[in-house]
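# Tertiary structure, described
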Amino acid sequence: MCDIENVQTLQRGMNFRMNPRYSVILMSRRSNAPYSDKILEDGITIEYEGHDEPKISYGMDPKTLDQPCKTRNGTLTQNGKFIESVEKYKKGLSNAETVKVYEKILSGVWSSKGFFDLVDCKIKHDGKRNVYVFSLRLSNEQDIETDSSIDLAHTRLIPSEVKKEVWKRDNGRCVICGSIKNLHFDHDLPFSKGGTSLTAKNIRLLCAKCNLAKSDKIE
Ligand SMILES: [Zn+2]
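Because the structure is a prediction, the values reported are computed rather than measured.

## Examining the overall build of the protein
- Helices and strands together make up the secondary structure of the protein, namely five helices and nine strands.
- The linear arrangement of helices and strands in the protein, starting from the amino end, is β-β-β-β-α-β-β-β-α-α-β-α-β-α.
- Within the span of the protein, comprising 219 residues, buried residues form 51% of the whole.
- Split by element, the accessible area of the protein, about 11800 Å² in all, is 51% carbon and sulfur.

## Things to note about the coordination of the zinc ion
- The protein atoms that coordinate the zinc ion are C174 (SG), C177 (SG), C207 (SG) and C210 (SG), at distances spanning 2.3 Å.
- Considering all four donor atoms around the zinc ion, angles at the metal cover 105 to 114° and the coordination shape is tetrahedral.
- Mapped onto the polypeptide sequence, the residues donating to the zinc ion form the spacing pattern C-x2-C-x29-C-x2-C.

## Some details on the pattern of salt bridges
- Here the structure, examined in full by the defined rule, presents twelve salt bridges.
- Here R129 makes a salt bridge to E49, at a shortest N to O gap of 4.0 Å. Of the two residues, R129 is situated in the loop between strand 6 (109-125) and strand 7 (130-138) and E49 in strand 4 (residues 45-49); the sequence distance between them amounts to 80 residues. Both residues of the pair, R129 and E49, belong to the buried class.
- Its salt-bridge partner being R169, residue D170 comes within 2.9 Å of it at the nearest N-O pair.
- Through salt bridges with shared partners, a single network forms among E49, D52, K63, D126 and R129.

## Some words on the confidence of the model for the protein
- When the pLDDT values of the protein are averaged, the result is 81; 77% of them are 70 or greater.
- In the model, residues 146-156 has pLDDT below 50 throughout and makes 30 contacts with residues more than four positions away in sequence or in other chains.

## Re the side chain of D52
- Within the secondary structure layout, D52 lies in the loop between strand 4 and helix 1 (78-90).
- The buried category is assigned to D52, whose relative accessible area is 14%.
- One polar contact links D52 to K63, side chain to side chain, over a distance of 2.8 Å.
- Residues contacting D52, with those up to four places away along its chain left out, are Y35, P62, K63, Q67, P68 and R129.

## A few points about the side chain of D170
- Of note, D170 is situated in the loop between helix 3 (160-169) and strand 8 (183-187).
- In this structure D170 touches V175, R204 and L205, once residues within four positions along its chain are discounted.

## Digging into the pairing of strand 4
- Burial runs high along strand 4: four of the five residues are buried.
- Two elements, strand 3 (residues 38-39) and strand 4, share two bridges in a ladder whose sense is antiparallel. Residue pairing in the sheet places K38 in a bridge with E47 of strand 4.
- In this structure, strand 4 lies alongside strand 7, joined through five bridges in antiparallel fashion. The partner of Y48 across the bridge, within strand 7, is F134.

Reading the values: rules and limits
Residues numbered from 1 in each chain as written. Predicted model: local features only at pLDDT ≥ 70, side-chain atom pairs only at ≥ 80, totals over all residues. Heavy atoms only, no water. Helix = DSSP H or I, 4+ residues; strand = E, 2+ residues; numbered from the N terminus. Buried < 20%, exposed > 50% of the residue type's maximum accessible area, 1.4 Å probe, protein only. Areas by Shrake-Rupley, 256 points an atom, 1.4 Å probe, with all protein chains shown as cover. Donors = N, O, S within 2.8 Å, 3.2 Å for Na, K, Ca; no water. Tetrahedral: all angles 85-135°; square planar, octahedral: opposite > 155°, others 65-115°. Salt bridge = Lys/Arg side-chain N within 4 Å of Asp/Glu carboxyl O. pLDDT = per-residue confidence, 0-100. Contact = heavy atoms within 4.5 Å. Polar contact = N/O pair within 3.5 Å; in protein donor to acceptor, adjacent residues only side chain to side chain. Pairing = 2+ DSSP bridges.

Structure, rendered in structure tokens:
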């Protein structure tokens, strides 16, 4: 159990290779989200916007500045590190970077979307300035955390007696497709109204694919 991120304490949305085997990004599609992150219609591709200059750096609104790939000292920013890995992948010099994606569902509630391959990066003009748009595709490999198929970063929010009850009731399988791989305890949002009433009634087991398909429909 060495590689479970405590999402609540991550300071940044982009965390290149924070784990020896993968990177972690936090996305949000909520209306007040600072960046434009999307899940495409195919249900397995994420477009993730790169990150801005830090607010303190120029006394200017970072939303008016091109997103940086290097700091003023010339070191790579998080954007730069992800771009470098895309370039290596596209030249055939390495595999696509594995990226674990969490989505903000509610304030303080992050839901794992599973592991993705970082396959592309484009520069896009958003009307004011240039931003990076990273493309991530749901990975065939979802068993990276081999110690456990359960996403503990998320399940930590749910009392263990509730987890046990849900697990038994759902027979350790995705309630939609029956998969036993990469399962998550999923809050059924229409019932939970903010995820505060954590009873087995509004929690179910979902696999990464079904979880991704589901959250696409929430909006
Ligand atoms: Zn499923």
